[in-house]
Amino acid sequence: MEAGVGTLSSPLRAIVERQLGNIEPIVKRAMLAMREAIPEYELIDDAAIQLDVQQSVAHNVRMWFNALLSGHPPTAKDLEPLISFGRRRVHQGVTLQSLLQAFRTGSRVLWDVLLEQADKDDDIHRELLFKVSPYILFHFDLMGRTIGQAHAEEQQKQARWRDRLQHELCGVIFSHPDDTESFREHALALGIDANASHLAIALRLAAPSGERITPEAGLDKLMASVCRMLSLERDKVLCTLRNGHVLLWVPLIAGEPTNDAERRIAAQAESLPTAGLEIIAVGMGLPDTGARGWRRSSEQSLRALDIGLRIDPTRPVLRYLEVALDDALGNADNLSPGSYAMPDQV
């Protein structure tokens, strides 16, 4: 089958040549079918992305008809634009599932076009059934494998790039909090609003989960679940491992009062320790801005865990706001055990 479809009869060849000479209606039909069948394509409202998708469809339509006319499958050079399209879809936010569904939808449109053009000609129908239909399976499997591999490779490349940026951003927060420019540049590259107030959350995990979790194993899966339960966009949430805990910074909704935001996030976090994620407790810092503010909030979230669990180990969510006085008293140099008598001893 990899040798191609072979030589077409003169009547079918004439149909294919006629369609190749006027692909615009077919491209429009395929675009409409894709928007109707695939939610991600329906939601694309960026004119540049729409044009890129349209050009991709046009290239695939021409490649299909040329393969039928030549009798041979697409060459490596023919597939190069397809690989580029697949890589760009990653950055345009199109998932691999939707991309492959687009190919299935487009192949159905192209098949329908040939059937319609054959009209009631039994000879052409037989040729389509016994000669072309087996090849269409090979052709669009080749297309799907090619663009799927390109999409997956680019997705892995993007993930490594994001991991590197997140690591560097955390380095700024904990080691160079006064480097405002670097903080903003890294946040912008990650799609994080550097100007928005963020609240740090520390997750204490059950052993051995806390021992085996690493950025490469388990953290992404855990964060996907946590972000879903906290109604957060995963790509806009910075997370890291710190002192055996998972740290993440949650953006506050613009215009939402700080007290309301804290209560809302605390209420959402209540279910985390009971969600089967092996999270023992959740510590919350105070909302803050900038690299230094993010570091301060993260330190507070960890302190909330340490102090809160000593005060009441049954609490699932521990807010620094509720233990701030205990923390201040515990760090006071002039306060030591026995320095002050209890009220009933005075």
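Along each chain, the written sequence defines residue order, and numbers are assigned to residues from 1. Restriction of local features to residues with pLDDT of at least 70 applies here, the model being predicted, together with a cutoff of 80 or more for giving and counting side-chain atom pairs; totals for whole chains, interfaces and linings are based on all residues. Excluding hydrogens and water, the side-chain values take into account all heavy atoms of the structure.

Would you mind going over the confidence of the model for the protein chain in detail, with residue names and values included?
Summary statistics for the protein chain give a mean pLDDT of 88 and a share of 91% for residues scoring 70 or more. Confidence of the predictor at the level of single residues is captured by pLDDT, which takes values from 0 to 100. Any two residues having at least one pair of non-hydrogen atoms within 4.5 Å are treated as being in contact. Contacts for the low-pLDDT stretch residues 334-346, under 50 throughout, to residues beyond four places or in other chains number 4 contacts.

If you had to explain the pattern of salt bridges to someone new, which residues and values would you point to?
Here a salt bridge means any side-chain nitrogen of Lys or Arg lying within 4 Å of a carboxyl oxygen belonging to Asp or Glu. If you walk through the whole model with that rule in mind, you get 17 salt bridges. Here Arg-126 makes a salt bridge to Asp-123, at a shortest N to O gap of 2.3 Å. Of the two residues, Arg-126 and Asp-123 both sit in helix H7 (residues 122-175), 3 residues apart, roughly one turn of that helix. Categorising residues by exposure relies on relative accessible area from a 1.4 Å probe, with only protein chains included: less than 20% of the type maximum marks a residue as buried, more than 50% marks it as exposed, and the intermediate range marks it as partly exposed. Residue Asp-123 is classed as exposed on the basis of its relative accessible area, which comes to 52%. With its nearest N and O atoms 2.6 Å apart, the salt bridge here joins Arg-263 to Asp-260. Placement of the pair is Arg-263 and Asp-260 together in helix H11 (residues 258-269), with a separation of 3 residues, close to one helical turn. Overall, Asp-260 belongs to the partly exposed group, its relative accessible area being 34%. Linked through salt bridges whose partners overlap, the residues forming this network are Asp-52, Arg-88 and Arg-89. We count a stretch as a helix when DSSP gives it H or I for four or more residues in a row; a strand needs E for two or more, and each element gets its number in order from the N terminus.

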